[in-house]
2 protein chains.
Amino acid sequence: MSGDRQKSGNGVEKKAHQVVTSADVAREAGVSRSTVSRCMADDERISEATRKRVQETAAQLGYHVNKIASSMNRRKSDLIGLVTSGLTDPFRIEFLDCLISQIQQSGYRPLVIDVSDPDQMGISMLNLLQYQVAGVVVTSGSPSPEVGTHYLKRNVPVVLVNRAGRLEGADVINCDNVHGGELAADMLLKSGKKRLGFLNVRGGTYSGNVRGEAFVSRIAPRLADGEISFTSLVCDSADYDGGFHAGLKYLADRENAPDGIFCAKDHIALGLMDAARFELGLKVPGDLAVIGFDDIAAARQGAYQLTTVRQRADQLAEMTVERLRRRIGGDALGDERLVLPVEFIRRQTV
Amino acid sequence: MSGDRQKSGNGVEKKAHQVVTSADVAREAGVSRSTVSRCMADDERISEATRKRVQETAAQLGYHVNKIASSMNRRKSDLIGLVTSGLTDPFRIEFLDCLISQIQQSGYRPLVIDVSDPDQMGISMLNLLQYQVAGVVVTSGSPSPEVGTHYLKRNVPVVLVNRAGRLEGADVINCDNVHGGELAADMLLKSGKKRLGFLNVRGGTYSGNVRGEAFVSRIAPRLADGEISFTSLVCDSADYDGGFHAGLKYLADRENAPDGIFCAKDHIALGLMDAARFELGLKVPGDLAVIGFDDIAAARQGAYQLTTVRQRADQLAEMTVERLRRRIGGDALGDERLVLPVEFIRRQTV
DNA sequence: TTGTACGCGTTATCAT
DNA sequence: ATGATAACGCGTACAA
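What counts, and at which threshold
Residues numbered from 1 in each chain as written. Chains lettered and ligands numbered in written order. Predicted model: local features only at pLDDT ≥ 70, side-chain atom pairs only at ≥ 80, totals over all residues. Heavy atoms only, no water. Helix = DSSP H or I, 4+ residues; strand = E, 2+ residues; numbered from the N terminus. Rg over C-alpha atoms; globule rule 2.2 N^0.38 Å. Contact = heavy atoms within 4.5 Å. Lys, Arg positive; Asp, Glu negative; His and termini not counted. Charge placed at Lys NZ, Arg CZ, Asp CG, Glu CD. Buried < 20%, exposed > 50% of the residue type's maximum accessible area, 1.4 Å probe, protein only. Axes fitted to C-alpha atoms, helices over the stretch in contact; angles between N-to-C directions. Parallel < 35°, antiparallel > 145°, perpendicular 65-115°, else oblique. Left-handed = near helix turned anticlockwise from the far one by under 90°. Near = heavy atom within 4 Å. Polar contact = N/O pair within 3.5 Å; in protein donor to acceptor, adjacent residues only side chain to side chain. Nonpolar A, V, L, I, M, F, W, Y, C, P; charged D, E, K, R; others polar. pLDDT = per-residue confidence, 0-100. UniProt positions renumbered as here; feature names shortened; annotations may be inferred. Least-squares fit on C-alpha atoms with pLDDT ≥ 70 in both. Pairing = 2+ DSSP bridges. Phe/Tyr/Trp six-rings, centres within 6.5 Å; stacked < 30°, edge-to-face > 60°. Lys NZ or Arg CZ within 6 Å of the ring centre and 35° of its normal. Buried area = accessible area lost by both parts, 1.4 Å probe. Salt bridge = Lys/Arg side-chain N within 4 Å of Asp/Glu carboxyl O. Expected span 1.5 Å × (residues − 1). Bend = angle between axes of the 7 residues up to and from the residue.

**Here's the deal with the overall build of chain A**
In terms of helices and strands, chain A carries 12 helices and 12 strands. The C-alpha atoms of chain A give 27 Å as radius of gyration, which overshoots the globular expectation for 350 residues (20 Å, by more than 25%). Counting only C-alpha atoms, chain A reaches 95 × 40 × 35 Å along its principal axes. Across chain A, the fraction of contacts at a sequence separation of at least 24, relative to all contacts at a separation of at least 6, is 69%. Each charge class in chain A was averaged separately, 44 positive and 44 negative side chains, and the resulting centres sit 6 Å apart.

**Focus on the environment of B:Glu56**
All names here are of chain B. Mapped onto the elements of the fold, Glu56 is located in helix H3 (residues 48-61). For Glu56, a relative accessible area of 47% corresponds to the partly exposed category. Residues Glu56 and Ala29 lie 27 residues apart in sequence; the distance between their C-alpha atoms is 9.1 Å.

**What to know about the packing of helix H6 (residues 121-130) of chain A against helix H7 (residues 145-154) of chain A**
All names here are of chain A. It is at 10 Å that the axes of H6 and H7 come closest, and there the two elements cross at 15°. The angle between the axes of H6 and H7 places the two elements in the roughly parallel class. In terms of crossing hand, the pair formed by H6 and H7 is left-handed. Residues Gly122, Met125, Leu126, Leu128 and Leu129 of H6 touch H7, and the partners they reach there are Val147, His150, Tyr151 and Arg154.

**Brief notes about the protein's contact with DNA strand C**
The full set close to DNA strand C counts 36 residues, and A:Arg33, A:Ser37, B:Ser34, B:Thr50 and B:Asn73 are the nearest of them. Protein-adjacent atoms of DNA strand C, using a 4 Å cutoff, are sugar or phosphate at a proportion of 54%. The side chain of A:Arg33 places a nitrogen or oxygen atom 3.0 Å from a base oxygen of DNA strand C. Between a base nitrogen of DNA strand C and a side-chain N or O atom of B:Asn73, the distance comes to 2.4 Å. For the surface near DNA strand C, the secondary-structure elements that each account for two or more residues are helix H2 (33-40) and helix H4 (67-74) of chain A together with helix H2 (33-40) and helix H4 (67-74) of chain B. With five residues, the top contributor of residues to the surface near DNA strand C is H4(A). Looking at the surface near DNA strand C residue by residue, the classes come out as nine nonpolar, 17 polar and 10 charged.

**Points about the confidence of the model for chain A**
The predicted coordinates should not be examined in detail at positions where pLDDT is low. Scored by pLDDT, chain A comes out at a mean of 92, with 95% of its residues at no less than 70. Note on residues 1-17 of chain A: pLDDT under 50 across the span, and eight contacts to partners over four residues away in sequence or across chains.

**Some details on the UniProt feature "domain: HTH lacI-type" (unreviewed entry) in chain A**
What UniProt calls "domain: HTH lacI-type" (unreviewed entry) maps, in this numbering, to residues 20-74 of chain A. Between the C-alpha atoms that bound residues 20-74 of chain A there is a distance of 21 Å. The span itself is 69% helix and 0% strand.

**Re the relation of the copies chain B and chain A**
Between chain B and chain A, the superposition needs a rotation of 180° and an axial shift of 0.0 Å, giving an RMSD of 0.1 Å. Within this description, the copies of the chain are treated as partners about a two-fold rotation axis. Judged by C-alpha distance, B:Leu111 is the residue of chain B that lies nearest the rotation axis, at 2.4 Å. The residues that chain B uses at the interface reappear at the interface of chain A in 100% of cases, marking a shared surface.

**Description of the sheet that holds strand E8 (residues 260-263) of chain B**
Residues and elements named next belong to chain B. Here we have six strands laid out as an open sheet, ordered E7-E6-E8-E9-E10-E12, and mixed in their pairing. A single partner strand is all that each edge strand has here, and the edge strands are strand E7 (229-235) and strand E12 (343-345). Direction aside, the axes of adjacent strands within the sheet are offset by 20° on average. Bridge analysis of strand E9 (residues 289-294) against strand E10 (residues 307-310) gives four bridges, and the strand direction is parallel. Looking at E10, one finds that Phe293 is bridged to Val309. Each of strand E6 (195-201), E7 and E8 touches helix H10 (residues 240-251); the most contacted strand, E7, lies at about 135° to it. Here helix H11 (residues 266-279) sits on the sheet in contact with E6, E7, E8, E9 and E10, set at roughly 155° to E9.

**With respect to the packing of aromatic side chains**
Residues and elements named next belong to chain A. Evaluation of the coordinates by the stated rule reveals nine aromatic pairs over all chains. Each ring, one from Tyr240 and one from Phe244, has its centre 6.1 Å from the other, and the planes form 20°; the classification is stacked. Of this pair, Tyr240 and Phe244 are both found in helix H10 (residues 240-251), four residues apart, which corresponds to roughly one turn of the helix. For the pair Tyr240 and Phe244, one class covers both residues: buried. Taken together through their ring pairs, the aromatic side chains of Phe198, Phe215, Phe230 and Phe262 make up a single cluster. Above the ring of Phe293, the side-chain terminus of Arg211 is found at 3.7 Å from the ring centroid.

**Some points on the interface of chain B and chain A**
Taken together, the contact between chain B and chain A spans 45 residues of the former and 46 residues of the latter. For the chain B and chain A pair, buried surface summed over both sides reaches about 4,500 Å², with 62% attributable to carbon and sulfur atoms. For chain B, the biggest contributors to the area lost against chain A are B:His64, B:Ile68 and B:Tyr131; these three give 16% of the whole. Where chain B packs against chain A, one counts zero salt bridges. Here chain B and chain A share 22 residue pairs in polar contact (both at pLDDT 80 or more) between them. When residues of the side of chain B that touches chain A are traced back to their parent elements, those giving at least two are H4, helix H5 (90-105), strand E2 (109-114), helix H6 (121-130), helix H7 (145-154) and H11 of chain B. Here the element with the most residues in the side of chain B that touches chain A is E2(B); it accounts for six residues. Residue classes in the side of chain B that touches chain A are distributed as 23 nonpolar, 14 polar and eight charged.

**Re helix H9 (residues 206-224) of chain A**
Residues and elements named next belong to chain A. Taking 1.5 Å of rise per residue, 19 residues should cover 27 Å, and H9 covers 26 Å from first to last C-alpha, within 8% of that figure. Along H9, the sharpest kink reaches roughly 40°, centred on Arg218 and followed within four residues by the proline Pro221. All of the buried residues along H9 are Ser207, Gly208, Val210, Arg211, Gly212, Ala214, Phe215 and Ile219. The elements touched by buried residues of H9 are strand E5 (170-175), helix H8 (177-190), strand E6 (195-201), strand E7 (229-235), strand E8 (260-263) and strand E9 (289-294). Just beyond H9, the residue with positive phi is Gly226, at close to 80°.

**Side note on the sheet that holds strand E10 (residues 307-310) of chain A**
For sheets, the rule is that strands pair by backbone hydrogen bonds, running either parallel or antiparallel. Residue and element names in this part refer to chain A. Taken together, the six strands give an open sheet; going across it, the order is E7-E6-E8-E9-E10-E12, and neighbouring strands pair in mixed fashion. Edge positions in the sheet fall to E7 and strand E12 (343-345), since each has one partner strand and no second. Averaged over all pairs of adjacent strands, the angle between strand axes in this sheet comes to 20°, irrespective of strand direction. Two strands pair when backbone bridges link them, and E6 and E8 are joined in this way by four bridges, in the parallel orientation. Paired with Phe198 across the two strands is Phe262, which belongs to E8. Where H10 meets the sheet, it contacts E6, E7 and E8, and its direction lies at approximately 135° from that of E7.

Written as structure tokens, this is what we have:
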């Protein structure tokens, strides 16, 4: 009962505690702080009796392990950074949902950071490092190579999901955008549509571009034959409103407008469909066939019944966490580029 | 150059550093750790020259302030716990979106925890305490009074959003559920519908129950007159599918089915509408009037154009963060129960 | 304006 | 099975 730093020189009875620490529990239970620490961590080599007594004392005193101090000591937290940009993209939300519960099940905690402004990407990623995160998942934007080196140096694993990603030291997981684009092309060709289009946000996103290019490659032979035509369509935002306004713009001229459109993502497709049906009086799929990508929940709804290419958010999350865990566990893995299979889901828009 | 704990006894040149600390920067820049600390925090009383030199050295060495150590020292982190249950409820997502960006703008970081299992609520809330969170926002479930006392004791502010909440030491923010229910009732009465219904998830939620009760109170006089009838409708889940299946169940009998339904939330209303329109061939609003609650993004979409009661997620988030900040700032405020005004939005489903 | 010295609460290590 | 002790990296009185 002599040791430790407790009675620092003078014999004063310490300050009136505000927050209960392991020292308090130790004193109350008549053991050392080490023992308390071990009991709280369910360390094997502690006697059942002691463990029980200490845990009861802890509960009674209202003691909670201070994870900050713990992380400090271990030099690593159990936080995993989640880089996103808002919660507006339906598929990303579904992915984050899966990711969050899986991260939690693995004993980690998600620290969300929003980087709506791409210029903030670098700063935000570096800020994350301040929290001694165990790993980071990037679902929006693209970290610069310079940021990458910081992570590499600290040996903090990074996983890029559905991004271009040429980041050294980071794993990249994408769904099979190429195959998805091809499946969409095949379907539209088979349906007999002649004036095809691919709708994506202005400037494009990596995923969207790949999907579009695969689509175009696939229809190239028929294009060359002159059997069909193709137009590249552009919307101002990668969401419902973007698709809606693009619909108004591109579909007004019923004679020459595309009659089969592949959208870079479902959310855009929904807007496009609503514009076609409710603003222009077009029949979908009669006058216009629409194919999306992702298979978000809304695509399954009665009002849309969207034909689309499905990528499974749960599997994507599984791969992400699996990868993260192995790297955190110490496996010195080489950077990998994983591809998640996609599946064509035919509903009623083509 | 003698001070601190640096050279602990022996004169060994220390270990090969893996991670850069303020001591490294201090040594490299020829200043003390205190100075480095002050420079990184942009402390006023540091000379421009020193600050610049130190910050450059820091950047060059790849130094990042360790927020864990910092939090340890200050005995509080800049983490704010966000208690939710999955990311499936559209309005909650919109709210979280606003909340996350506002929390971030206030210099805090959101730590998300998912409590899909209500039994885990207590444990999860207490776990949050381990992270020395500066505050907590509860958007799902209801913390027990016992949990409340732990927070009270630690002086960590809690805000309950759209919950029943009788938590000591916590603020409760709700939208004006009563007024919303009344607005819905008024609209349905005015529309001339006779067989009214209120659709909510089995067992009910606090918000839903209040809305329903207000609705019923409002139509009570007309009910007593025998001019109209009312049925309480129940679905198995508080989402699209729940509404959809409820539609199939309650609307099949066209003669006696309700012709005006107020739904506890928009998401349910969407499912109900789709079942009515696409499975049963009913006209909305001709055969069936539908009113929702929340005004989620999908309610504005062409396919739905749902008449609803709007609660503004951004304002809710604003109130939440404002409240949190003041409490964190030290204001010893009494528990408050705030009410956010709602607004009736008439679209095309009634 | 800058440096010295201490303490934050925990866990790992070593000793018993 | 348990205890004593030394870090972990930082912020901040206090001193200069």
